[in-house]
Amino acid sequence: MMEMLGAVSVWIMPLLILVIPVIGFIRRVKVYEAFVEGASEGFHTAVRIMPFLVAMMVAVNVFRISGAMDLFVDSLAPLLSYIGVPPELVPLAIMRPLSGTGALGLTTELLHTYGPDSMTGKIASTVLGSTDTTFYILTVYFGAVGIRNPRYSAAVGLLGDLAGFLLSVSICYYVFHG
């Protein structure tokens with residue numbers, strides 16, 4: 001079974017790269033022209049959303065560099081320790097909805113500091129896979145299609161991130177501590 005999965009994982013991307021143009025050819029789609037048109041639209045979208053991305057990255061860096069994140073983590077540490085959440089994971093929980101790259105950097109730091117086989121490393125890895133970059137999604141995708149009032153999207157996204165974080169902690173303790 002593992003050998004079959006290994007063979008499939010090696011060939012899946014080349015097969016997709018081959019199958020998509022073949023299907024386009026069968027449907028009489030000018031594949032290259034469609035690709036170039038899509039790339040052009042993607043470039044224009046990237047230029048249009050650039051100010052939103054820059055503003056978000058500046059806000060994230062100011063929050064970290066100013067010490068506000070450390071102050072927030074320190075104030076929550078007693079409560080988190082009581083419910084079993086390692087306090088060193090709070091910056092990851094805060095950063096993940098804001099920036100995927102920032103969250104990946106924090107996870108890398110946690111893995112280097114505590115090790116990938118530590119409970120902190122396991123939870124951090126699970127959190128990274130179980131949550132999403134909510135504000136990035138709102139900024140990029142909603143901005144790309146011109147949605148000005150996302151209404152409850154931010155609240156629902158953050159609630160999903162909180163659920164993903166707390167369930168990651170619970171499931172890791174359940175799976176790895178029995």
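Residues numbered from 1 in each chain as written. Predicted model: local features only at pLDDT ≥ 70, side-chain atom pairs only at ≥ 80, totals over all residues. Heavy atoms only, no water.

Some words on the overall build of the protein
Using the following cut-off: Numbering goes from the N terminus for both helices and strands, where a helix is a DSSP run of H or I of at least four residues and a strand is a run of E of at least two. The reference for a compact globule is 2.2 Å times residues^0.38; the radius of gyration itself is calculated from the C-alpha atoms. Three labels apply to residues, based on accessible area from a 1.4 Å probe with only protein chains included: buried if under 20% of the type maximum, exposed if over 50%, partly exposed otherwise in between. By definition, residues are in contact when any of their heavy atoms lie within 4.5 Å. In this tally, Asp and Glu contribute negative charge and Lys and Arg positive charge; neither His nor the terminal groups of the chain are included. All charge positions are set by atom: Lys at NZ, Arg at CZ, Asp at CG, Glu at CD.
The helix and strand tally for the protein stands at eight helices and zero strands. Along the protein, helices (α) and strands (β) appear in the sequence α-α-α-α-α-α-α-α when read from the amino end. By the compact-globule yardstick of 16 Å for 178 residues, the protein is too spread out, its C-alpha radius of gyration being 21 Å. In terms of principal-axis extent, the alpha carbons of the protein reach across some 65 × 50 × 30 Å. Each of the 178 residues in the protein was classed as buried or not, and the buried ones make up 26%. Put simply, of all contacts in the protein between residues at least 6 apart along the chain, 63% involve residues at least 24 apart. When the 9 basic and 11 acidic side-chain charges of the protein are each reduced to a single mean position, those positions are 14 Å apart.

Notes on the UniProt feature "domain: Nucleoside transporter/FeoB GTPase Gate" (unreviewed entry) in the protein
Keep this limit in mind: UniProt positions are given in the numbering used here, feature names are shortened, and annotations may be inferred rather than shown by experiment.
Per the UniProt record, "domain: Nucleoside transporter/FeoB GTPase Gate" (unreviewed entry) is annotated on residues 47–147. Along residues 47–147 one finds 79% helix and 0% strand; the C-alpha atoms at either end are 17 Å apart.

Quick word on the nonpolar core
Quick reminder of the rule: We call a set of buried Ala, Val, Leu, Ile, Met, Phe, Trp, Tyr and Cys residues a nonpolar core when their side-chain atoms join them within 4.5 Å.
Ranked by size, the top nonpolar core spans 21 residues in total, and within it Leu-89, Leu-92, Met-95, Ile-123 and Phe-165 carry the most contacts. A total of five residues in this core trace back to one element, the largest contributor, which is helix α6 (residues 119–130). Excluding its chain neighbours within four sequence positions, the residues that come into contact with Leu-89 are Leu-110, Thr-120, Ile-123, Ala-124 and Phe-165.

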